[in-house]
Amino acid sequence: MVKYCIVIPELDMVIAATGGVKDMQLPLNLIWDNLLPGVGAEALPESEASDKLKEKLKQLQVLLPEGVRNSEIEAELSGKRFKLEKNPYKFKTIAFKFETGSIQFEVTTSDLKKTADVGIGKWTENSIETDGKIERVMLTGIWLDAITLLIQCRYIETPFGLQFKFTFSMDKVNMKAKYNVGFEATDWLEVSGIRSM
């Protein structure tokens, strides 16, 4: 993650910027080309435009994905575990328990088992461990079609998001995962799995 702190004492200004971009010069260019030319010694007066901006900022939200809330295969999948092939996320197994309005999504790695509460038609706050660090995230899920479940994960206070698509067929699952932004490639990573119980 890109993190900048720019201090400009003569303008009594501190700029903090974070982002998940590969080109670390891009945020600096945006600041120098767009923000700094509009900065002056005098404070800007209150205006209708600033009131509109404040109101818009209050209403900002991360949109929910579109799809359907339920699938006929939920009862068949609920509580079943799938063993995954080797993958960069180090997921050994995954399991789903479908409840009214939520999914309990369980992931095991070689050293831990974690269950997250995934909201259906809403965002649900959870905490996950990434490289030994506990991070707060929001999760939501939706069925894209009768056999494809989408789970979206948004990291709180960062620009990062991770989404998973699980496509079920008989006793198999195909998992696709990708980050929205990052230093590495953001293409879909594909992993296969087979029901283990």
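Throughout what follows, the structure given in this document is the object of discussion.

Criteria and thresholds
Residues numbered from 1 in each chain as written. Predicted model: local features only at pLDDT ≥ 70, side-chain atom pairs only at ≥ 80, totals over all residues. Heavy atoms only, no water. Core = buried A, V, L, I, M, F, W, Y, C linked by side-chain atoms within 4.5 Å. Buried < 20%, exposed > 50% of the residue type's maximum accessible area, 1.4 Å probe, protein only. Helix = DSSP H or I, 4+ residues; strand = E, 2+ residues; numbered from the N terminus. Contact = heavy atoms within 4.5 Å. Salt bridge = Lys/Arg side-chain N within 4 Å of Asp/Glu carboxyl O. Pairing = 2+ DSSP bridges.

**As for the nonpolar core**
Grouped together as the largest cluster of nonpolar side chains are 31 residues, with contacts concentrated most on Ile94, Phe96, Phe105, Leu149, Phe166 and Phe168. Counting residues per element, the ones that place at least two in this core are strand S3 (81-84), strand S4 (93-99), strand S5 (102-108), strand S6 (113-120), strand S8 (133-145), strand S9 (148-155), strand S10 (161-169) and strand S11 (172-179). Residues in contact with Phe96, not counting those within four places in the same chain, are Leu77, Ser78, Gly79, Lys80, Ile103, Gln104, Phe105, Leu149, Ile151, Phe166 and Phe168. Core analysis: the second largest hydrophobic core is formed by 7 residues, Met13, Leu28, Ile31 and Leu36 among them.

**Considering the environment of Ile128**
On the secondary structure map, Ile128 appears in strand S7 (residues 124-130). The residues contacting Ile128, other than those within four sequence positions of it, are Lys133, Ile134, Glu135, Val137 and Tyr155.

**Here's the deal with the pattern of salt bridges**
Across all of its chains, the model carries 9 salt bridges by this definition. The partner of Arg81 in a salt bridge is Glu106, with the nearest N and O atoms 2.2 Å apart. Of this pair, Arg81 sits in strand S3 while Glu106 sits in strand S5, and the two are 25 residues apart along the sequence. For Glu106, a relative accessible area of 12% corresponds to the buried category. Among the ionic pairs, Asp171 bridges to Arg195, the shortest N-O distance being 3.7 Å.

**A few points about the pairing of S10**
Here S9 pairs with S10 via 7 bridges, running antiparallel. Looking at the pairing, Leu150 lines up with Lys165 of S10. Linking S9 to S10, which pair antiparallel, is a turn of 5 residues; within it Glu157 sits at a positive phi near 65°. Direction of pairing for S10 relative to S11: antiparallel, over a ladder of 8 bridges. Bridge pairing in S11 places Lys165 opposite Lys176. Between the end of S10 and the start of S11, which pair antiparallel, lie 2 residues, with Met170 showing a positive phi angle near 55°.

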